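# Understanding the architecture of this molecule
Letter by letter, the chains look like this.
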Amino acid sequence: MNVRTRFAPSPTGDVHIGNIRAAIFNWLYARHTGGAFLLRVEDTDRARSTDEACRRLLEVMEWLGLTPDEEPLYQSTRQSAHLEAAEQLLQNGHAYRADKGDTGQGEAVLFRMPGRDFSFHDDVKGDLRKAAADMKDFVIARANGTPVFHLANVVDDIAMGVTHVVRGDDHVENTFRHLALYEALGAAPPRFAHLPMIVNAQGKPYSKRDGDAFVGEFREKGYLPDALFNYLALLGWSPGDDREVMSRDELVAAFTLERVQASAAQVDLRKLEWMNGEYMRALPEAEREALYRDALERAGLWSGAFSEEYFRDVCALMQERVKLAPLFPEQAGFFFTEDFAFDEKAVRKRLLKEGGLDALRQMRDALGAIDSFTPETTEAALRQRAETLGLGAGALVHPVRVAVSGLPGGPGLFEMLAVLGKERVLARIDRALSRFADPVTEG
RNA sequence: GACCCCAUCGUCUAGCCAGGCCUAGGACACCAGGUUUUCAUCCUGGUAACACGGGUUCGAAUCCCGUUGGGGUCGCCA
């Protein structure tokens, strides 16, 4: 039997991290078994399902590489099939019309539960059972003639040939009803696997109020799709060995429903960030540069006044230090503008305190005296001067760093100076000197 | 409230189904040290968990029962 899994979201706004995780597990399982991953857009709630929401859903899935193997099925196009099924159930006595009296719109179609216990083997949670007494008949078609979720869901899963329903924990109770529906419809039920919930950093179920809950937001913040995918795959599942950073192929090869955790998992943004850093560093140079360039453009720092070579030199210096591409302008913006901000604390600590400005003057002199500006020459000049003054190298390094970058940390100073070039370095030192030596500014 | 599910370091987890190899392993985070001019990276070390109580057994994180705590579901929403 060929495995067919599906992701069946209702496009009512942004895609939630918990939902997309379900999609990831479905995709992974289909790939692992050589089966097909399908998408069914449950857009029957027209009031909430907008074209915009659908578009965003598809875009996000594409971004994560969750491409369906067949054309998506839009549930709104299936109404007649759903209603036919309801009619069939009415005919053979599995359903009946009744007015539950809560809409004032007349009779709805209710499914008649067979009055016996239902049980199934959940591939994640094990054997589950529900007593007949704990289940009631339920509406499958409204008085206004539209089909209800349970009916539509089952009819479409049958039509799509879905063999494995892998979905959120919140659907376990529905499964018993669905099982009865499959039976009444004369169809063999698929296997079921219910995924544990994902909870937020406070340990509470995600709500719309939680920031950081939408896939689109992760994208905007600069998380790489492979990193997010990898991280999410590890929430509620593990390969059983000590691997954490895993390629798509490795994840596919290792993924089984059997290894899915039964308990809820909490999102840890710091671990996600770490993982993103891993993926950033592993990126091919050109891709990383493209991300940096994009971030610079957004920050309005990409002027075209700099050569390709210069830009690439900067990237090379920054690659180990930027965990999220959008942070690049913040950390490396000073390479691209003379109008960079000074970190207040750094200025206080490195320039305004004990001999900071003197050190700067010394370095202005030392650096002004050399012609070629390479990491070697600038380092030699600095160390020489430090020795002459009887100071540690750090006493000269830090003030220069702050003067030319405005920041307390960053790439190696000498590499930085070489990339910046003598002219700009001296100009920046001069400007820092006049700006911070001014007694008005001082103290 | 009823029904159902879950329970290992702060977090994600390995181990549990097939009880001894577990003085419970890994990762993130954190702390200390090393490397580095700084930050990041990298290396070394460390703190830290089987929710509780019974039982079964020669032996329990692993099996059973209960307690507690958490979660889900009880719509003519999906």
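Since this is a predicted model, take the numbers as computed values, not measurements.

## Quick word on the overall build of chain A
Each helix and strand in chain A was counted, giving 18 helices and 12 strands. For a compact globule of 443 residues, the expected C-alpha radius of gyration is about 22 Å, and chain A comes in at 31 Å, more than 25% above that figure. On the principal axes, the C-alpha backbone points of chain A span a range of 100 × 45 × 35 Å. With 443 residues in all, chain A has 47% of them scored as buried. In chain A, the share of contacts with a sequence separation of at least 24, taken over all contacts with a separation of at least 6, comes to 73%. Of the roughly 21,300 Å² of accessible surface on chain A, a fraction of 47% belongs to carbon and sulfur atoms. Within chain A, the 68 negative side-chain charges are centred at a point lying 3 Å from the centre of the 54 positive side-chain charges.

## Here we look at the protein's contact with RNA strand B
Around RNA strand B, the surrounding shell holds 60 residues, and the nearest of these are Lys 100, Arg 142, Gly 236, Arg 321 and Val 397. Separating a sugar or linking oxygen of RNA strand B from a side-chain N or O atom of Ser 10 is a distance of 3.0 Å. Gly 236 is positioned with one of its backbone polar atoms (N or O) 2.4 Å from a phosphate oxygen of RNA strand B. At four residues, the largest contribution of residues to the surface near RNA strand B is made by helix H9 (residues 269–282).

## Quick look at the domain arrangement of chain A
One can read the domain layout of chain A as domain 1 (4–71 + 198–270), domain 2 (75–195), domain 3 (283–335) and domain 4 (344–442). Listed by partner, the interface residues are five residues for domain 1 and five residues for domain 3. When domain 1 packs against domain 3, close to 310 Å² is buried across both sides, 78% of that on carbon and sulfur atoms. Counting the surface domain 1 buries against domain 3, the share from its top three residues, Lys 221, Gly 222 and Leu 224, is 76%. Looking at side-chain class alone, the side of domain 1 that touches domain 3 contains two nonpolar, one polar and two charged residues.

## A few points about the pattern of salt bridges
Tallying each qualifying case throughout the model produces 34 salt bridges. For the salt bridge of Glu 52 with Arg 56, the shortest nitrogen-to-oxygen distance reads 3.3 Å. Within this pair, Glu 52 and its partner Arg 56 are both found in helix H2 (residues 51–63), separated by four residues, close to a single helical turn. We note a salt bridge from Glu 344 to Arg 348, for which the minimum N-O separation is 3.7 Å. Here Glu 344 and its partner Arg 348 are both found in helix H13 (residues 344–352), four residues apart, which amounts to about one turn of the helix. Within the structure, one salt-bridge network assembled from shared partners comprises Arg 6, Arg 40, Glu 42, Arg 78, Asp 156 and Asp 157.

## Side note on the sheet that holds strand E8 (residues 138–141)
If you walk across this open sheet you meet the three strands as E4-E5-E8, and the pairing is antiparallel. Strands at the two margins of the open sheet, each flanked by one partner only, are strand E4 (95–98) and E8. Pairs of neighbouring strands in the sheet enclose a mean axial angle of 45 degrees, with direction left out of account. One ladder, built from four bridges, connects E4 with strand E5 (residues 108–111); its direction is antiparallel. Residue Tyr 96 lies in a different strand from E5, and its bridge partner there is Leu 110.

## Description of the pairing of E5
What you see with E5 is no split at all: Ala 108 and Leu 110 on one side and Val 109 and Phe 111 on the other are buried throughout. Here three bridges tie E5 to E8, and the two strands are oriented antiparallel to one another. Note on E8: the bridge partner recorded for Val 109 is Ala 141.

## Structural notes on the environment of Ala 36
Its location among the elements puts Ala 36 in strand E2 (residues 36–41). For Ala 36, a relative accessible area of 12% corresponds to the buried category. Here the alpha-carbon distance between Ala 36 and Val 3, two residues 33 residues apart in the chain, equals 6.4 Å. Every residue in contact with Ala 36, bar those within four places of it in the chain, is listed here: Val 3, Arg 4, Thr 5, Ala 30 and Asp 69.

## Examining the nonpolar core
Counting residues in each nonpolar core, the largest one holds 109 residues, and the members touching the most others are Ile 20, Leu 66, Phe 328 and Phe 335. Ranked by residue count, the leading element in this core is helix H1 (residues 17–33), at 10 residues. Beyond its immediate sequence surroundings of up to four residues, Leu 66 is in contact with Ile 20, Ala 23, Ile 24, Trp 27, Phe 37, Met 61 and Phe 229.

## Section: the packing of aromatic side chains
All told, the structure shown has 18 aromatic pairs when counted by the stated rule. Ring centres of Phe 111 and Phe 138 lie 5.5 Å apart, and the angle between their planes is 45 degrees; this geometry places the pair in the tilted category. Residue Phe 111 is located in strand E5, and its partner Phe 138 is located in strand E8; the two are separated by 27 residues in the primary sequence. Summarising the burial analysis for this pair, Phe 111 and Phe 138 share the class buried. Between Trp 302 and Phe 311, the aromatic rings sit 4.9 Å apart at their centres with planes inclined by 85 degrees, giving edge-to-face as the arrangement. Note on Trp 302: relative accessible area 27%, which makes it partly exposed.

How each quantity is defined
- Residues numbered from 1 in each chain as written.
- Chains lettered and ligands numbered in written order.
- Predicted model: local features only at pLDDT ≥ 70, side-chain atom pairs only at ≥ 80, totals over all residues.
- Heavy atoms only, no water.
- Helix = DSSP H or I, 4+ residues; strand = E, 2+ residues; numbered from the N terminus.
- Rg over C-alpha atoms; globule rule 2.2 N^0.38 Å.
- Buried < 20%, exposed > 50% of the residue type's maximum accessible area, 1.4 Å probe, protein only.
- Contact = heavy atoms within 4.5 Å.
- Areas by Shrake-Rupley, 256 points an atom, 1.4 Å probe, with all protein chains shown as cover.
- Lys, Arg positive; Asp, Glu negative; His and termini not counted.
- Charge placed at Lys NZ, Arg CZ, Asp CG, Glu CD.
- Near = heavy atom within 4 Å.
- Polar contact = N/O pair within 3.5 Å; in protein donor to acceptor, adjacent residues only side chain to side chain.
- Domains from an automatic or database assignment.
- Buried area = accessible area lost by both parts, 1.4 Å probe.
- Nonpolar A, V, L, I, M, F, W, Y, C, P; charged D, E, K, R; others polar.
- Salt bridge = Lys/Arg side-chain N within 4 Å of Asp/Glu carboxyl O.
- Pairing = 2+ DSSP bridges.
- Axes fitted to C-alpha atoms, helices over the stretch in contact; angles between N-to-C directions.
- Core = buried A, V, L, I, M, F, W, Y, C linked by side-chain atoms within 4.5 Å.
- Phe/Tyr/Trp six-rings, centres within 6.5 Å; stacked < 30°, edge-to-face > 60°.

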